[in-house]
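Listed here are the chains, written in short residue letters.
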Amino acid sequence: FFMFPVYLRTERDGGTFHHLLWPVFGWGRNRRGEVDAHVWPLVGVSRPGHSEGGFLAWPLVTWSRDGVERPTSQQATSWMFWPFYGERRQQTYSAWNALWPFFGYAEDERSDYWSWAGPWPLVKVQRPGTSGEPRITRAWPFYSHFEGDGLDSRWYLWPLFNQRHETYSTGERHGEVVFPFWDHFVEDDREGRRVGSWSKLWPLYQYREQDGRSRFAFPTLIPLLHMPDIDEHYGWLWELYRSERGAGRTQERGWLGLWRRERDADEVREYASGLWSRRKYRRSDEMVRETSLLFGLLRWRESSACGVEFLAPAFPGPGWPARARGGN
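The numbers attached to residues start from 1 for each chain and follow its sequence in the written order. Restriction of local features to residues with pLDDT of at least 70 applies here, the model being predicted, together with a cutoff of 80 or more for giving and counting side-chain atom pairs; totals for whole chains, interfaces and linings are based on all residues. The side-chain numbers reported here are obtained from all heavy atoms of the structure, hydrogens and water having been left aside.

J.: How should I be thinking about the overall build of the protein in this particular structure?
T.: A helix here means a DSSP run of H or I that spans at least four residues, while a strand means a run of E at least two residues long, and both kinds are numbered starting from the N terminus. Regarding its fold elements, the protein presents 1 helix and 30 strands. Whereas a compact globule of 328 residues would reach a radius of gyration of roughly 20 Å, the protein reaches 35 Å, over 25% beyond that. On the principal axes, the C-alpha backbone points of the protein span a range of 100 × 55 × 30 Å. The buried share among the 328 residues of the protein stands at 31%. By definition, residues are in contact when any of their heavy atoms lie within 4.5 Å. Nonlocal contacts in the protein, meaning residues at least 24 apart in sequence, comprise 9% of its contacts between residues at least 6 apart. We get accessible surface area from the Shrake-Rupley algorithm with a probe of 1.4 Å; when it comes to residues, only the shown protein chains can shield them. Of the accessible surface of the protein, which amounts to about 20300 Å², a share of 60% is contributed by carbon and sulfur atoms. Under the convention used here, Asp and Glu are negative, Lys and Arg are positive, and both His and the chain ends fall outside the count. By convention, charge coordinates are those of NZ in Lys, CZ in Arg, CG in Asp, or CD in Glu. In the protein, 43 side chains carry a positive charge and 42 a negative one; their mean positions are 4 Å apart. The globule rule used here is 2.2 Å times the number of residues to the 0.38 power, and the radius of gyration it is set against is calculated over C-alpha atoms. Think of it in three bands: with a 1.4 Å probe and only protein chains considered, a residue is buried below 20% of the maximum accessible area for its type, exposed above 50%, and partly exposed in between.

J.: How do you make sense of the pattern of salt bridges when you look at a structure like this?
T.: Two side chains bearing opposite charge may form a pair once their charged atoms approach each other closely. Every case where a carboxyl oxygen of Asp or Glu lies within 4 Å of a side-chain nitrogen of Lys or Arg is listed as a salt bridge. Enumeration according to the criterion identifies 22 salt bridges in this entry. Across the pair R249 and E262 runs a salt bridge, and its minimum N-O distance is 3.0 Å. Within this pair, whereas R249 is found in strand β24 (residues 249-254), its partner E262 is found in strand β25 (residues 259-263), the two being separated by 13 residues in sequence. Among the ionic contacts, a cluster of salt bridges with common partners joins E267, R269, R279, E290, R301 and E309.

J.: Could you clarify how one ought to interpret the packing of aromatic side chains in this entry?
T.: Two descriptors summarise a pair of aromatic rings, namely the distance from one centre to the other and the angle between the planes of the rings. Here a pair means two rings of Phe, Tyr or Trp (six-membered ring of Trp) with centres within 6.5 Å. Their orientation is stacked below 30 degrees between planes, edge-to-face above 60, and tilted elsewhere. Overall, the coordinates contain 15 aromatic pairs when judged by the stated rule. With a centroid separation of 6.2 Å and 25° between ring planes, the pair formed by Y85 and W96 is classed as stacked. Remark: W96 occurs in strand β10 (residues 93-98) and Y85 occurs in strand β9 (residues 85-90); sequence separation between them is 11 residues. In this structure W96 comes out as partly exposed when scored by relative accessible area, which is 30%. Each member of the aromatic cluster is reached from another via a ring pair, and the members are W79, Y85, W96, F103, Y105, W114 and W116. Charges are assigned to positions over rings by a cutoff of 6 Å between ring centre and Lys NZ or Arg CZ, combined with an angular limit of 35 degrees from the ring normal. One cation-aromatic arrangement involves R173 over F185; the distance from NZ or CZ to the ring centre is 4.0 Å. Positioned above the aromatic ring of Y271 is the side chain of R260, whose terminal nitrogen or guanidinium carbon lies 4.4 Å from the ring centre.

J.: What is the right way to look at the environment of R190 in this model?
T.: Note on placement: R190 falls in the loop between β19 (182-189) and β20 (194-201). In this structure R190 touches S169, T170 and G171, once residues within four positions along its chain are discounted. N or O atoms within 3.5 Å of each other form a polar contact, as long as, within protein, one can give a hydrogen and the other can take it, and as long as residues adjacent in sequence are counted only when both atoms are side-chain atoms. Within the structure, R190 has its side chain in polar contact with the backbone oxygen of S169 (distance 3.4 Å).

J.: It is not clear to me how the layout of surface pockets should be interpreted in this structure. Could you clarify?
T.: Where empty space is left becomes clear once a probe the size of a water molecule has been rolled over the atoms. Roughly 360 Å³ of volume is contained in the largest pocket. Buried and open spaces are told apart on a 1 Å grid over the protein atoms alone, a cavity being a set of points where a 1.4 Å probe fits but cannot get out and a pocket being an open set with protein on both sides within 12 Å along at least five of seven lines. Residues with an atom within 4 Å of a point are the lining residues. Contributing to the lining of the largest pocket are 17 residues, with R213, S214, R215, E232 and E244 lying nearest its centre. Of all elements in the fold, only β21 (205-210), β22 (213-218), α1 (228-234), β23 (241-246) and β24 reach the threshold of two or more residues within the lining of the largest pocket. Each residue is assigned to one class: nonpolar for Ala, Val, Leu, Ile, Met, Phe, Trp, Tyr, Cys and Pro, charged for Asp, Glu, Lys and Arg, and polar for all the others, Gly among them. For the lining of the largest pocket, the class distribution of residues is 3 nonpolar, 6 polar and 8 charged. Grid points are joined across faces, edges and corners, and a volume is the space filled by probe spheres set on the points.

J.: Is there a simple way to think about the pairing of strand β7 (residues 61-66) in this case?
T.: Residues in a regular strand point their side chains to alternate faces of the sheet. Only strands that DSSP links by at least two bridges are regarded as paired with each other. As judged from the 6 bridges shared by strand β6 (residues 51-56) and β7, these two strands associate in the antiparallel manner. Looking across to β7, one finds that S51 is bridged to D66. Hairpin connection, β6 to β7: the antiparallel pair is bridged by 4 residues, and A57 has positive phi, about 50°. Direction of pairing for β7 relative to strand β8 (residues 76-81): antiparallel, over a ladder of 6 bridges. Bridging across to β8, W63 finds its partner in W79.

J.: Sorry if this is basic, but what is going on with the pairing of strand β26 (residues 267-272) here?
T.: Counted residue by residue, β26 has 5 buried out of 6 residues, so it is predominantly covered. Examined bridge by bridge, β25 and β26 share 5 bridges and lie antiparallel to one another. By the bridge assignment for β26, R263 is matched with V268. Turn length for the β25-β26 hairpin, with the two strands adjacent in sequence and antiparallel, is 3 residues. Direction of pairing for β26 relative to strand β27 (residues 276-283): antiparallel, over a ladder of 6 bridges. In the sheet register, V268 faces β27, and the bridge partner there is K280. Hairpin connection of β26 to β27: 3 residues between the antiparallel strands, including S273 at a positive phi of 45°.

J.: Which parts of the structure should I look at to understand unusual backbone geometry?
T.: Excluding glycine, residues mostly have negative phi values, and the peptide bonds linking residues are mostly trans. Each neighbour pair has its own omega, and for W140 with P141 the value is 5°, a cis peptide bond. Examined against the element boundaries, P141 turns out to sit in the loop between β14 (135-139) and β15 (143-148). With omega at -10°, the peptide bond leading from F315 into P316 counts as cis. Structurally, the position occupied by P316 is in the segment after β30 (307-311). A positive phi angle, close to 45°, is found at L21, a residue other than glycine. Here L21 lies in the loop between β2 (15-20) and β3 (25-29). Not every positive phi belongs to a glycine, and D149 is a case in point at roughly 55°.

And the structure:
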């Protein structure tokens, strides 16, 4: 280059391309005869690879032709007098748009596909025929319906009311939303057996069942849809009570984890933020209770056979074994 952008020369694909007052003037040709010449923004023509195109008074008038190596009947052509009107055609497919991007229509005689959009993005109607495209009816925000790719979804007064049905290789899910107050769905396997469900009534509670486990929380202050990662990591900030049940075990806790309780078939453990903890379990035919105070500084065990036994301090307590007696 010389005093860029006064002059620039590039070499690629066996050809040389020149530019003066880049990007205004440019011309060149490579070894395959592909041409690029323009006086921007007045006029330009190019033929890169398997397509060709050009412009006049860019971006007002543009045109292109794809697949130039194929027969004319198989090529795709398009032109646009922006933003007023433009067309695209390829074999049995044709489309036009007016006052881009607000109005457009497309159809394919071979598949009976047709689509109308306008005024975009409020209204769209698409009928797929045999094309495999989704079926769409939208008069936003009053009503919309999408059916395709395993999803059947309807919105009423978007984003307030939604009904949806999703189909997967492993099963299906169906539910409804009344935003932001109610969110609910049910999951079934391929044989129609219930494998999970979710319910959320904002700001009161949420309840989840999955793979034989359940989770209940009260209240649920975040007006979001199903977002289990946020609930799992941050719910302790606003939940006054949470309960998780499954595999023969129950875990409960209060706000900020200040109170907790764990229970299974063999043992019950209760905690009050380190100040007080109690563990109850059955040894042979007798019930044993162990108590810890002040983060494990004061500990004792009670049973009908041995009475009261003081235990060694275990700071920071309470000093119970990490696993319950049943090993759950």
